Amino acid sequence: PVEHTLAVIKPTAVKEHKDEIMQKVTNAGFIVSQMKETNFTREMATQFYKAHEGKPFFDQLVNYMSEGPSVIMILTKENAVEQWRQLMGPTDPDVAKESSPDSLRAQFAQDILRNAVHGSSNKEHALKTTGAPGSGEAQVAPVPGV
Ligand code: CMP
């Protein structure tokens, strides 16, 4: 099925690798259905990463994500959620370099916190954050809250 997923290029990667990352996104066949460059406030970052609240790295994560502009996109493709996760690679760039050297995190992450990109972890999250109603069929949808 054609799906939407939410993708974020994180602050350090926006500063250093935005054009290269965008090139790889389009080369991989993703349609950039929406794109917006926004500096997350601490409140937005807290809301966005609510699932991680209470984890030892949460404060660092909120600080990092609000330190500069991020690029927030809705990417559209067959099996976009899983395909984007594959292009990102594992959360930890040290793992990514071993298992998926071509992935974005292997190439552009600095460390596990500043790991270049984010993507929806599953279809439910993708639907919620892209605002696409229904069962995962592609529809033009707003990026809420940003
Ligand atoms: P992301 O895929 O955006 O989802 C949660 C984020 O938390 C993750 O990428 C990293 O930026 C960050 N993160 C996850 N695990 C750790 C960790 N052990 N130490 C620091 N940051 C982490």
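Right above here is the structure, for reference.
Residues numbered from 1 in each chain as written. Predicted model: local features only at pLDDT ≥ 70, side-chain atom pairs only at ≥ 80, totals over all residues. Heavy atoms only, no water.

### Regarding the pattern of salt bridges
Right, on to step 1. Taken as a whole and judged by the stated rule, the model has two salt bridges.
Right, on to step 2. Residue Glu37 is joined to Lys18 by a salt bridge in which the shortest nitrogen-to-oxygen separation is 2.7 Å. Pair noted here: Glu37 is in strand β2 (residues 31-38) and Lys18 is in helix α1 (residues 11-27), with a separation of 19 residues, a long-range link.
Right, on to step 3. According to the relative accessible area criterion, Lys18 is partly exposed, its value standing at 27%.
Right, on to step 4. The residue Arg114 makes a salt bridge to Asp111 at a minimum N-O spacing of 2.5 Å.
Right, on to step 5. Accessibility expressed as a relative area gives 25% for Asp111, which makes it partly exposed. (Salt bridge = Lys/Arg side-chain N within 4 Å of Asp/Glu carboxyl O. Helix = DSSP H or I, 4+ residues; strand = E, 2+ residues; numbered from the N terminus. Buried < 20%, exposed > 50% of the residue type's maximum accessible area, 1.4 Å probe, protein only.)

### With respect to the sheet that holds strand β4 (residues 117-119)
Right, on to step 1. Read across the open sheet, the four strands follow the order β2-β3-β1-β4; overall the sheet is antiparallel. Looking at which strands have only one partner, the edges of the open sheet turn out to be β2 and β4. Along the sheet, successive strands turn relative to each other by an average axial angle of 20 degrees, direction set aside.
Right, on to step 2. Alignment of strand β1 (residues 2-9) against β4, held across three bridges, turns out to be antiparallel. (Pairing = 2+ DSSP bridges. Axes fitted to C-alpha atoms, helices over the stretch in contact; angles between N-to-C directions.)

### Considering the site of the ligand
Right, on to step 1. Every residue lining the ligand is accounted for by Lys10, Tyr49, His52, Phe57, Leu61, Arg105, Ile112, Leu113, Asn115 and His118.
Right, on to step 2. In the model, an oxygen atom of the ligand is placed 2.6 Å from a nitrogen or oxygen of the Tyr49 side chain.
Right, on to step 3. At 3.5 Å from an oxygen atom of the ligand is found a main-chain nitrogen or oxygen belonging to Ile112.
Right, on to step 4. Across the complex, the protein chains shield 80% of the 450 Å² of accessible surface that the ligand would expose by itself.
Right, on to step 5. Broken down by class, the residue content of the shell around the ligand amounts to five nonpolar, three polar and two charged. (Near = heavy atom within 4 Å. Polar contact = N/O pair within 3.5 Å; in protein donor to acceptor, adjacent residues only side chain to side chain. Areas by Shrake-Rupley, 256 points an atom, 1.4 Å probe, with all protein chains shown as cover. Nonpolar A, V, L, I, M, F, W, Y, C, P; charged D, E, K, R; others polar.)

### Quick word on helix α7 (residues 123-130)
Right, on to step 1. When α7 is considered as a whole, its buried residues turn out to be Ala126, Thr129 and Thr130. Looking straight down α7, one finds its buried side chains confined to an arc of 90 degrees; they lie on one side. Exposed and facing more than 90 degrees away from the buried side of α7 are Glu124 and Lys128.
Right, on to step 2. The inward-facing, buried residues of α7 abut β1, β3 (70-78) and α4 (80-88). (Arc of directions from axis to C-beta. Contact = heavy atoms within 4.5 Å.)

### Digging into the environment of Ile21
Right, on to step 1. Among the secondary structure elements, Ile21 is positioned in helix α1.
Right, on to step 2. Taking the C-alpha atoms as reference, Ile21 lies 9.2 Å from Ala116; in sequence the two are 95 residues apart.

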